[in-house]
Amino acid sequence: MSPKEVIEYAKQNNAQQLDLRFTDLPGLQQHISYPISQLSEESFEEGFGIDGSSIRGWAAINESDMLLIPDSNTALMDPFFHVNTLVMTGNVIDPITRQHYERDPRWIAQKAEKYLQNTGLADTALFGAEAEFFIFDNVRFDQNHNSGYYFIDAEEGRWNSGREKDNLGYRPRYKEGYTALPPTDHYQDLRAEMVEVMIRCGLNIECHHHEVATAGQCEIDQKYDTLVKSADNMMLYKYCIKNVAYQYGKSVTFMPKPIFGDNGSGMHVHQSLWKNDAPLFAGDMYAGLSQMAIWYIGGLLKHARALSAIIAPTTNSYKRLVPGYEAPVNLAYSRRNRSAACRIPMYSANPKAKRVEFRPPDPSSNPYLAFAAMMMAGLDGVLNKVDPGEPLDKDIYDLSPEEMREVPSMPGSLEEALGCLEEDHAFLLKGDVFTEELIETYISYKMKNEAEAVRLRPHPWEFAMYYDI
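Residues numbered from 1 in each chain as written. Predicted model: local features only at pLDDT ≥ 70, side-chain atom pairs only at ≥ 80, totals over all residues. Heavy atoms only, no water.

(A) View of the overall build of the protein. Secondary structure summary: the protein contains 14 helices and 18 strands in total. Within the protein, the proportion of its 469 residues that are buried is 54%. Taking all contacts inside the protein whose residues are at least 6 apart in sequence as the whole, residues at least 24 apart take part in 68%. A total accessible area of about 21700 Å² is found for the protein, and carbon and sulfur atoms account for 50% of it. Across the protein, the 45 positively charged side chains and the 66 negatively charged ones have centroids separated by 3 Å. (Helix = DSSP H or I, 4+ residues; strand = E, 2+ residues; numbered from the N terminus. Buried < 20%, exposed > 50% of the residue type's maximum accessible area, 1.4 Å probe, protein only. Contact = heavy atoms within 4.5 Å. Areas by Shrake-Rupley, 256 points an atom, 1.4 Å probe, with all protein chains shown as cover. Lys, Arg positive; Asp, Glu negative; His and termini not counted. Charge placed at Lys NZ, Arg CZ, Asp CG, Glu CD.)

Here it is as structure tokens:
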């Protein structure tokens, strides 16, 4: 929509409030609201002032003033607010220079699309992300000077099979929840409600189902779209899922590994390059791929350890990235084999369906940064003709120790991942998509506020292991 059309759309829907949204560096969406009378066509040029110093990973207090410029193409009516509210995503602008703010994750994704076009290799990158999540009934957690705990209650949790009340059985066994049918799948109606809300908000939903883990692990799949649009869609996807669950008295988490001993939640990302509406990843090489696609895989695998700090960016991510839970720890590629980091789906022979699925990412990542970083790694592979080696069509977990030593693996911790990013990030700097300052800020924030914060605190299991030492 044009700005004028947005104003008309707001009137047609009797909008009384304007809600502008943006995303902080770690990937949590923020918002600020205004009476709809504050919105005019000039607002799409002049913007709305905000304090950037209180946003995680953003400006210092002495340079805090920022502008939010509404993106008219993102306009929709909020499906949850009691008061009719027009929602738009805002681009963050420096009020002095009138330039985009370099720490705005959405701007980084926008720059990635511009860089792709400037290379001449392709004009469009399509991304389709499959984000998994858990649905809980109650969650409690705290950590202070003399205690630390978390407690999860989920009606579908296998551990609740001994409940004296409200117990009708039918709970998925550990690692056996995939595509379970009701009544074992407790959340068909809830997911369907989520899907209907997302469709009303303009998202294109393809399917939904129960996932592998117990305790209400689910997946709802969106149709692919362009890089920035897919990242916008992922933020809206999370917003809708969390709020529908909240209306039902339940809580959703996109933590990668909230349940010990069961599968974690990933965000497998399908990606492909196109030019003049023609797919560039279809060809006559391995698994029906083109040479460009093979090199793109080479770039993903070459930079996967550095990417891990952005695509699996939490300490909890490395509770998921361990062998034995279908997690793609090892850096290899294969058709059909889901234990490989890069998988080439073989559902269709249509050239337009040819794509690469990168499996290490999880839904705790900031989609603007994650999608941009993966594309930059893939493009680096294409530009430098990076050979990914031979495909690995065996089950990786059945390889001998000698064979396993030949297969590189993802980092084992957030600290290690951040170190990999520090050593290998030149590919992200091309075209000024990521800046050196942004990378330094990101590493510093993650190390201080997450990696070191967790490392400094005693863990409950340490008491079980060491109290009587």
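Continuing now.
(B) The arrangement of the layout of surface pockets in detail. Considered as a void within the structure, the second largest pocket measures approximately 780 Å³ in volume. As for the second largest pocket, its lining consists of 39 residues, and the residues nearest its centre are Glu130, Glu219, Asp221, His270 and Glu357. Elements represented by at least two residues in the lining of the second largest pocket include exactly strand E7 (124-136), strand E10 (205-210), strand E11 (217-222) and strand E14 (267-275). No other element matches E7, which puts six residues into the lining of the second largest pocket. When grouped by side-chain class, the residues that make up the lining of the second largest pocket number twelve nonpolar, eleven polar and 16 charged. (1 Å grid on protein atoms, 1.4 Å probe; cavity = no way out; pocket = protein on both sides within 12 Å on 5 of 7 lines; lining within 4 Å. Points joined across faces, edges and corners; volume = space filled by probe spheres on them. Nonpolar A, V, L, I, M, F, W, Y, C, P; charged D, E, K, R; others polar.)

(C) Here's a closer look at the pairing of E7. Most of E7 sits out of view: twelve of its 13 residues are buried. In the sheet, E7 pairs with E14 via eight bridges, with the strands oriented antiparallel. Its bridge partner lying in E14, Ala125 is registered against Leu273. As judged from the two bridges shared by E7 and strand E12 (residues 225-226), these two strands associate in the antiparallel manner. In the sheet register, Phe127 faces E12, and the bridge partner there is Asp225. Pairing of E7 with E11 involves three bridges; the strand directions are antiparallel. Residue pairing in the sheet places Glu132 in a bridge with Glu219 of E11. In the sheet, E7 pairs with strand E13 (residues 251-253) via three bridges, with the strands oriented antiparallel. Within the sheet, the bridge partner assigned to Phe134 lies in E13 and is Thr253. (Pairing = 2+ DSSP bridges.)

(D) Spotlight on the nonpolar core. In this structure, Phe133, Met194, Tyr237, Phe371, Met375 and Phe434 are the most contacted members of the largest nonpolar core, which totals 99 residues. Of all hydrophobic cores here, the second largest spans 23 residues; its members include Ile50, Met66, Met88 and Tyr101. (Core = buried A, V, L, I, M, F, W, Y, C linked by side-chain atoms within 4.5 Å.)

(E) Expanded view of the pattern of salt bridges. Enumeration over the complete set of coordinates arrives at 16 salt bridges. Of the charged contacts in the structure, one is a salt bridge between Arg106 and Asp71, with a shortest N-O distance of 2.9 Å. Of this pair, Arg106 sits in helix H3 (residues 105-119) while Asp71 sits in the loop between strand E4 (65-70) and strand E5 (76-77), placing them 35 residues apart in sequence. No difference in accessibility class separates Arg106 from Asp71, as the two residues are buried. Taking the shortest distance from any N to any O, the salt bridge between Arg103 and Glu437 comes out at 2.4 Å. In this pair, Arg103 sits in the loop between strand E6 (85-93) and H3 while Glu437 sits in helix H13 (residues 436-455), placing the two residues 334 residues apart along the sequence. (Salt bridge = Lys/Arg side-chain N within 4 Å of Asp/Glu carboxyl O.)

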